[in-house]
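Each chain is listed here by its residues.
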Amino acid sequence: MSLKHLFAALAVCVLAATVVTAAEPPLKALIIDGQNNHNWKESTPILKRLLEETRLFKVDVATSPPKGKDVSTYKPDFAAYNVVVGNYNGAEWAEETKKAFVDFLAGGGGYVCYHASCNPFRKWKEYNEIIAVGGWGGRNETDGPFLHWKDGKIIHDTSPGSGGGHGPQHPFQIVVREPDHPITKGLPPAFMHSADELYHRLRGPAKNVTVLATAFSAKEKRGTGNHEPMLMAIAYGKGRCFHIAHGHAGKQLKSVAFIVPFQRGTEWAASGKVTQKVPADFPTADKVSRRE
Ligand code: ZN
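Below is a summary of the structure that appears in this document. Quantities reported herein were computed from a predicted structural model and do not represent experimental measurements.

**Here's the deal with the side chain of Lys 98**
Moving on, step 1. With respect to the helices and strands, Lys 98 occurs in helix H3 (residues 95–106).
Moving on, step 2. Judged by its relative accessible area of 9%, Lys 98 is buried.
Moving on, step 3. Within the local environment of Lys 98, its side chain forms a polar contact with the side chain of Glu 92, the two groups lying 2.5 Å apart.
Moving on, step 4. With residues near it in sequence (within four places) discarded, Lys 98 still touches Glu 92, Trp 93 and Trp 124.

Have a look at this one:
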């Protein structure tokens, strides 16, 4: 081979290596699903696509055995990922799987508690600490306080009552309460979300939680009259949990008020930072934005 050919061959190698490097997203995400009172078969592919669109994530899915079957065989390799995205609301896992999940978080991993993922595992202490607050499953005042925004701050309300609920779907405004957090930095102070369930009365250990954004749960929409947490960031050991309460189904996942916080929050849970820019189609305080 002549020197000229050698250089040409080397150039091709360098180019090929560059292409491979550029094509490989830096973060690995695992969506967990398989049991849910929500249509996870519809939402998981959408969540996967939303993460892949950022070009930051390589996304795998770990589907559990179906409802009513033995889930003891469900052993996702959490440790192989930067972040786990919860789309699971079902039977309690085996002790070994629960331990692997807690170890993953405590050791620096990320978790995204998406919508109904705050429903399961009432009796699993660490899971509830990771997600801060949850609903349904018999949760009540023994599980911890409600969180509301009141008089310029978040209050921990220990009054009795069941955890979890929502009125009929309706559009609502999400108000940023922590504008300097990486997830919310650069977002407008308030933005509209299209018709969705507005979760209220979530309660739990509520330790090490920062409420990033709230939504007002109006009494005329069978709500609480309180500003309810919608976006939360929780510290757990060396790890991070991003809790996003909205996004009921495929229809709601087209609202940019879901898409962008979900993409940014997942990056933060995975890495502790957010590199994404706020897109031009982000909703305003009074106008919904959707990607149909
Ligand atoms: Zn729902």
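There is more to say, and it comes next.
**Considering the packing of helix H2 (residues 40–53) against helix H5 (residues 256–271)**
Moving on, step 1. Direction vectors running N to C along H2 and H5 enclose 65°, while the axes themselves pass 10 Å from each other. In terms of orientation, H2 and H5 fall into the roughly perpendicular class. The crossing of H2 and H5 is right-handed. Contacts from Leu 47, Leu 50, Leu 51 and Glu 53 of H2 reach H5 at Phe 258, Ile 259, Phe 262, Gln 263 and Thr 266.
Moving on, step 2. Tallied by class, the residues present in the contact of H2 with H5 amount to six nonpolar, two polar and one charged.

**A short note on the coordination of the zinc ion**
Moving on, step 1. Only His 38 (NE2), His 115 (NE2), Glu 197 (OE) and His 248 (ND1) from the protein coordinate the zinc ion, and they sit 2.0 to 2.1 Å from it.
Moving on, step 2. Around the zinc ion, the four donor atoms are arranged such that angles at the metal cover 91 to 161°; this shape is classified as irregular.
Moving on, step 3. Site description for the zinc ion: donor spacing in sequence, H-x76-H-x81-E-x50-H. Highlighted residues: His 38 in the loop between strand E1 (27–33) and H2 and Glu 197 in the loop between strand E8 (190–196) and strand E9 (209–216), separated in sequence by 159 residues.

**Structural notes on the pairing of strand E5 (residues 146–150)**
Moving on, step 1. Counting buried positions along E5 gives four out of five residues, so the element sits mostly inside the fold.
Moving on, step 2. Of the pairings in the sheet, the one linking E5 to strand E6 (residues 153–157) comprises five bridges and is antiparallel in character. Across the sheet, the residue bridging to Lys 150 is Lys 153, located in E6.
Moving on, step 3. Here E5 hands over to E6 after two residues, with Asp 151 in that stretch at a positive phi of 50°.

**A look at the side chain of Arg 177**
Moving on, step 1. Note on placement: Arg 177 falls in the loop between strand E7 (170–176) and E8.
Moving on, step 2. It turns out Arg 177 is buried and unbridged, and the closest side chain with the opposite charge, Glu 178, is 9.3 Å from it.
Moving on, step 3. A polar atom in the side chain of Arg 177 sits 2.9 Å from the side chain of Thr 214.

**Topic: H2**
Moving on, step 1. Its 14 residues place the ends of H2 20 Å apart at the C-alpha level, agreeing with the 20 Å of an ideal helix rising 1.5 Å per residue.
Moving on, step 2. Every buried residue belonging to H2 is among Trp 40, Ser 43, Thr 44, Ile 46, Leu 47, Leu 50 and Leu 51, and all of these are buried.
Moving on, step 3. Looking one or two places after H2, you find Arg 55, whose phi comes out positive at around 65°.

**Focus on the pairing of strand E10 (residues 227–236)**
Moving on, step 1. Across the ten residues of E10, eight count as buried, placing the element largely inside the fold.
Moving on, step 2. Note: E9 against E10, seven bridges, orientation antiparallel. Directly across from Ala 215, in E10, lies its bridge partner Glu 228.
Moving on, step 3. Two elements, E10 and strand E11 (residues 239–244), share six bridges in a ladder whose sense is antiparallel. Following the sheet pairing, Ala 235 is matched in E11 by Arg 240.

Here is what the cut-offs are and how they apply
Residues numbered from 1 in each chain as written. Predicted model: local features only at pLDDT ≥ 70, side-chain atom pairs only at ≥ 80, totals over all residues. Heavy atoms only, no water. Helix = DSSP H or I, 4+ residues; strand = E, 2+ residues; numbered from the N terminus. Buried < 20%, exposed > 50% of the residue type's maximum accessible area, 1.4 Å probe, protein only. Polar contact = N/O pair within 3.5 Å; in protein donor to acceptor, adjacent residues only side chain to side chain. Contact = heavy atoms within 4.5 Å. Axes fitted to C-alpha atoms, helices over the stretch in contact; angles between N-to-C directions. Parallel < 35°, antiparallel > 145°, perpendicular 65-115°, else oblique. Left-handed = near helix turned anticlockwise from the far one by under 90°. Nonpolar A, V, L, I, M, F, W, Y, C, P; charged D, E, K, R; others polar. Donors = N, O, S within 2.8 Å, 3.2 Å for Na, K, Ca; no water. Tetrahedral: all angles 85-135°; square planar, octahedral: opposite > 155°, others 65-115°. Pairing = 2+ DSSP bridges. Lys, Arg positive; Asp, Glu negative; His and termini not counted. Salt bridge = Lys/Arg side-chain N within 4 Å of Asp/Glu carboxyl O. Expected span 1.5 Å × (residues − 1).

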